[in-house]
Amino acid sequence: MKKMKNLFAVFSVISCLGFLIPGSASAEDHTIGALFPLSGPNATYGDVFMSGSDLAVDHINADKMLSGPMSIAYEDSQGLPQPAVVGMTKLVNVTNVPYVLSAFTGVSKAISTLGTRNEVVAVNGGGVGPDLAALGEYFWNVIPLVNLEVRAVMPYLIKEKGIKRVVLIYIDDPFGNSILEELEATLKDSGGELVETMSVPTTAQQFSGIAAKVRAAKPDAVYIASYGAQQIQIVKQLRDNGVDQQLVTYSGYLVPDALALPETEGIITTGQGVNYKSDDPVTKRFVTDYKAKYDRDPTAYNVNYYNATLLYAILAQALEAEGKEVTGANLLAKRQEMGSFDLVGGTVSFQSNGTLLFPIQVKVVKNGKPEVIDTIDFGK
Amino acid sequence: MLALQLTITGLQTGALYALTAVGFSLIFGSTRIFHFAHGATFIIAAYLFYFVNVSGYGLILGIIAATAGAIIFGLLLNRFVYVPIQRDEGSFFTVFVASFGIGIVVQNVIGMVFGRGYVTVQTPLSFSVELMDGLYVSPLAWISMICAAIFFGILWCFLKYSQMGKALRALSDNPELVRVFGLNPRFISACAFTIGSILVVPAAIISGATSGLNPAMGHHVMLISLAATIVGGIGSVAGTLLAGLALGLAESLALLYVDSQWTEAVTFAILFLFIIVRPSGLLGRSSAH
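All right, on to the overall build of chain A then. Secondary structure assignment for chain A yields 12 helices and 14 strands. Relative to its length of 380 residues, chain A is compact, with a C-alpha radius of gyration of 23 Å against a globular reference of 21 Å. Along the first, second and third principal axes, the C-alpha atoms of chain A reach 85 × 45 × 35 Å. Taken over 380 residues, chain A has a buried fraction of 52%.

As structure tokens, then:
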């Protein structure tokens, strides 16, 4: 009986050690992390992001790209820095992932130091604050940042639509403030004028008073720089309260909830240019399977998180072929070594600051769908 | 003209704040239960109305569903959460944590059932009409103010003249004396939850049409209700009504004097001012210990 007890104790200790020692789980399993807003007012983005990354996992596992099954450990960031840091700490220290999908400017900035310190790669496919290009070599962006979007749309509006006077409504956070700076500079260079700026707290839900101030400013266009439910609320309440000027916003507005709103009709947005009709096999497969799985057309966010997940598989596959361990440091070295990648949208390569460069499209929403009216390629 | 526009906008916002806050104040004033899940009642009513409306069953059925949902939620919460906690000598803090937890559960259940995105009740009543140069008012603004006037008129008459209204006021003053007079405090509490939950329904429905809905908005509703209850005087229905209107007006008129990002801060600046200068609130009774 005593022997049995000792045997049980030894077995328990070995089991516990196996659980506690990082990396002692099956080396063939591949788990990456994701910090998406799954609750709160920004939760609408979580579903959109997940649909892209989940489809990539389906494809990676179906193709047996890696030595074992791949999965994503999702943590709820709520789109806020503080819960995101808690989630990132868990992903880095408990789940031991080498690669994390990130979204939102504030969230990405908050977790980037944890990523760098622990040599964990963080890949952003949803945040567009210009500061995200300067968060170190372990932070990559598979989305063009918003400074390019502002630089694309404002000259177009001034030249093609004769718009001169612009009012900006922006969220009072790092993202909103970066748009303010970019808009001030771009309008100055393009011959426009920023006649009024109104920042709103992240929790604000009533904008009828803001609408009254916008009308009083008599602008030609109103640029809206917020995200999630608040951004849609601003558009609805401006239109409901008599603001009939041209509304302009950025790629963050192109989510199903916003496009379903009648007040969205006619709004001008920008976004990364993706040729969904491209003949390359990666794009073709993505578009076909996305429509089959989710019964809707893909958007740039779906593309970005598909690409971010596929990028991990490409890098990890190359590392496994060389017999190297899949760590954040090795993933970074392999990305720098490989240079270009076949992702959705074609063959792409990273700039020196870890950001992918895409053309920017100017779009107008007609009958609930964005239609491209101009494309600006900053790479040319 | 901008000042007049902001005044009307503020009155509309204030009417909705007041309707929500008075329900919370009535429940808290009568039962001393910190009903943090009042924001969840708001969300349930709003989403039920939205669901019935988009399903094509019309306005009346939508209002009935929202009202029934709010009342049932309030009564069930009282019967199966608050009463058991209080029976076991549960502290004020225990009740608060339980209520807070229920609010989070409701937020997630609503997200699972209706989706976590933004939805809105589409109605032509939300579109503003230009009454004079630069002055835009939507029919829903008038409906908000009229609803508030009607509901508060009925509530005032109920509390002042009906037997149950007097019992509710008595319960807040002295629960033991209520028992001595042969009244059942539990039944009176249930009445407080019923009336408090009904009061939130018009604000929930109108908000669904004016600002839209998402499952997470309950916490914001609750913060405003709490601020109005404290500024108005805890337990004072009339005080909470005035405070709700004043906070809505202040939030809107602040745009004339401060940058837009400070308008919400104005609400809480008023709250802190009252806590420091007049802790008993606008119409609350001072007490010495």
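The angle between the axes and the distance between the axes are what describe a pair of packed helices. All names here are of chain A. Put simply, helix α5 (residues 146-160) and helix α6 (residues 174-190) touch, their axes get as near as 9 Å, and they point 35 degrees apart. As for the relative orientation of α5 and α6, their crossing is right-handed in sense. For the pair α5 and α6, the contacting residues are Val146, Asn147, Val150, Arg151, Met154, Pro155 and Ile158 in the first and Ser178, Ile179, Glu182, Leu183, Thr186, Leu187 and Ser190 in the second. Classifying every residue of the contact of α5 with α6 by side-chain character gives eight nonpolar, four polar and two charged.

Along the chain, Val258 of chain B falls in the loop between α10 (237-253) and α11 (263-277). Separated by 99 residues in sequence, Val258 of chain B and Leu159 of chain B place their C-alpha atoms 40 Å apart.

What follows concerns the pairing of strand β12 (residues 346-349) of chain A. Residue and element names in this part refer to chain A. As paired strands, strand β11 (residues 340-343) and β12 are joined by four bridges and run antiparallel to one another. Within β12, the residue paired with Phe341 across the bridge is Val348. Hairpin remark: β11 followed by β12, antiparallel, with two residues in the connecting loop; positive phi at Gly345, about 105 degrees.

This paragraph deals with the pairing of strand β7 (residues 193-200) of chain A. Residue and element names in this part refer to chain A. In terms of strand pairing, strand β6 (residues 165-171) meets β7 through seven bridges, oriented parallel. Bridge pairing links Ile171 to Val200 in β7. Crossover connection from β6 via α6 to parallel β7: handedness right-handed.

Take the interface of chain B and chain A next. With 31 residues of chain B at the contact, the number on the chain A side is 34 residues. Residue assignment for the side of chain B that touches chain A shows that the elements contributing at least two residues are α1 (2-31) and α4 (92-114) of chain B. Counting residues per element, the side of chain B that touches chain A draws most heavily on α1 of chain B, at five residues.

Bringing the sheet that holds strand β3 (residues 99-102) of chain A into the picture now. Residue and element names in this part refer to chain A. Taken together, the five strands give an open sheet; going across it, the order is β2-β1-β3-β4-β5, and neighbouring strands pair in parallel fashion. A single partner strand is all that each edge strand has here, and the edge strands are β2 (70-76) and β5 (139-141). The sheet shows a mean angle of 25 degrees between the axes of neighbouring strands, direction not considered. Direction of pairing for strand β1 (residues 30-36) relative to β2: parallel, over a ladder of seven bridges. Paired with His30 across the strands is Met70, a residue of β2. Against the sheet, helix α3 (residues 81-93) touches β1, β2 and β3, its axis set at about 145 degrees to β2. This element, helix α11 (residues 300-321), spans β1, β2, β3 and β4 (121-124) of the sheet and lies at about 170 degrees to β3.

Rules and cut-offs
Residues numbered from 1 in each chain as written. Chains lettered and ligands numbered in written order. Predicted model: local features only at pLDDT ≥ 70, side-chain atom pairs only at ≥ 80, totals over all residues. Helix = DSSP H or I, 4+ residues; strand = E, 2+ residues; numbered from the N terminus. Rg over C-alpha atoms; globule rule 2.2 N^0.38 Å. Buried ≥ 20, exposed ≤ 12 C-beta atoms within 10 Å, placed from the backbone. Axes fitted to C-alpha atoms, helices over the stretch in contact; angles between N-to-C directions. Left-handed = near helix turned anticlockwise from the far one by under 90°. Contact = placed C-beta atoms within 7 Å. Nonpolar A, V, L, I, M, F, W, Y, C, P; charged D, E, K, R; others polar. Pairing = 2+ DSSP bridges. Right-handed = clockwise from strand over helix to strand, strands pointing away.

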